[in-house]
Structure formats: structure tokens, C-alpha cells
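Descriptive structure summary
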Amino acid sequence: MHEMSIAAAVVEQVADAAVRHGATAVATVRLEVGELAGVVPEALAFCFALACAGTVLEGAALETLGVAALARCGPCAVEWRPGMPPDLLCPRCGGPDAVLLTGRELRVREVEWAGTVPSAPAPPS
Ligand SMILES: [Zn+2]
């Protein structure tokens, strides 16, 4: 179950960012998950809660944002939704030279901080 290692990596990344932002708590983590990333959102949410325990992310909510897969044929530039399991043969020419444009995303899009330490007032402009 690779969701655990994904969750651990996300928590580590957000915890690092929290230090840079001076945040002491995290409200929500929004994660882009591609249709073909092979992640089960329920399993990821479960692992995320475990990975958060004892870190600055404790109690943070995880929102997964599904990203639809999109493929494009090299020779004829047709774009299509390959679906799951992915059909990567071009629907027009039948060629195998498809490039996956989206669908493998697995990245933190946004973090909502909680308990942010007020930063220094901006200098007058
Ligand atoms: Zn084609």
C-alpha cells in the first residue's frame, strides 16, 4: 500500500513549508491526484491522518482534487481522455505514440495554515 509513503512525503513537505511560513498549525492540505496516479483517496486520507499525528499537521484536513487524464497523439495531435485503465492508442490513427499530458499528478496544490505567527508589518511604500 503505497499511500502510506505518499502521505508521509506530503506531511514532510508541508511540515517543511510550515517552518518557512512560521505556521504552527495546518488547517487543510489540498492535493492534486491524477486519475492515473494509482492512489485510492480513502486509503490516502487514512494514511494522511496517521502520518500527521505528532507533527505540525496534526488535525489537518486532506482534500484530494481529482485530475482527469488527458493524452495526445504525437503524429496527429488528437487529444483524448484515455480513461482507466488507460487506452493510449490514438483514436484517430491508432498509433502508439501518445503522450500523457495530465493524469499522473500527485502534488500539493495549496495549504491553508492555521495559527500563523503574524509576520512583520510590510514596510511603507
Ligand atoms: Zn494519432
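Given the structure is predicted, the values throughout are model-derived calculations rather than measurements. (Residues numbered from 1 in each chain as written. Predicted model: local features only at pLDDT ≥ 70, side-chain atom pairs only at ≥ 80, totals over all residues. Heavy atoms only, no water.)

1. Looking at the overall build of the protein chain
Of regular secondary structure, the protein chain possesses two helices and six strands. The order of helices and strands in the protein chain, counted from the N terminus, is α-β-α-β-β-β-β-β. In summary, the protein chain has a C-alpha radius of gyration of 19 Å against a globular reference of 14 Å for 125 residues, an excess of more than 25%. In terms of principal-axis extent, the alpha carbons of the protein chain reach across some 60 × 45 × 15 Å. Counting all 125 residues of the protein chain, 33% fall into the buried class. Accessible area for the protein chain stands at about 7400 Å²; split by element, carbon and sulfur atoms hold 57% of it. Taking the 8 positively charged and 14 negatively charged side chains of the protein chain as two groups, their mean positions are separated by 8 Å. (Helix = DSSP H or I, 4+ residues; strand = E, 2+ residues; numbered from the N terminus. Rg over C-alpha atoms; globule rule 2.2 N^0.38 Å. Buried < 20%, exposed > 50% of the residue type's maximum accessible area, 1.4 Å probe, protein only. Areas by Shrake-Rupley, 256 points an atom, 1.4 Å probe, with all protein chains shown as cover. Lys, Arg positive; Asp, Glu negative; His and termini not counted. Charge placed at Lys NZ, Arg CZ, Asp CG, Glu CD.)

2. Focus on the environment of Val29
Tracing the backbone shows Val29 in strand E1 (residues 23-34). With 45 residues separating them along the chain, Val29 and Gly74 place their C-alpha atoms 35 Å apart. Once you skip the residues sitting within four places of it in the chain, Val29 turns out to touch Val10, Val14, Phe48, Leu57, Ala61, Leu62, Glu63, Val108 and Glu110. (Contact = heavy atoms within 4.5 Å.)

3. Notes on the coordination of the zinc ion
Metal coordination angles have textbook ideals: 109.5 degrees for a tetrahedral set of four donors and 90 or 180 degrees for an octahedral set of six. Surrounding the zinc ion are the protein donor atoms Cys73 (SG), Cys76 (SG), Cys90 (SG) and Cys93 (SG), at 2.2 to 2.3 Å. Geometry at the zinc ion is tetrahedral, judged from its four donor atoms and the angles of 104 to 124° they form at the metal. Every donor residue of the zinc ion comes from the same chain, spaced as C-x2-C-x13-C-x2-C. By relative accessible area, Cys93 is classed as partly exposed at 45%. (Donors = N, O, S within 2.8 Å, 3.2 Å for Na, K, Ca; no water. Tetrahedral: all angles 85-135°; square planar, octahedral: opposite > 155°, others 65-115°.)

4. Quick look at the pattern of salt bridges
Per the counting criterion, the structure on display carries seven salt bridges. Note that Glu32 is salt-bridged to Arg107, the shortest N-O span being 2.9 Å. With a gap of 75 residues between them, Glu32 in strand E1 and Arg107 in strand E6 (residues 106-116) connect regions that are remote in the sequence. Classification of Arg107 as partly exposed rests on a relative accessible area of 46%. Across the salt bridge formed by Glu35 and Arg81, the nearest N and O atoms sit 3.8 Å from each other. (Salt bridge = Lys/Arg side-chain N within 4 Å of Asp/Glu carboxyl O.)

5. Focus on the confidence of the model for the protein chain
Averaged over all residues, the pLDDT of the protein chain is 92; the fraction at 70 or higher stands at 91%. Mean pLDDT in the protein chain bottoms out at E6, which sits at 90, and peaks at strand E3 (residues 70-73), which reaches 97. (pLDDT = per-residue confidence, 0-100.)

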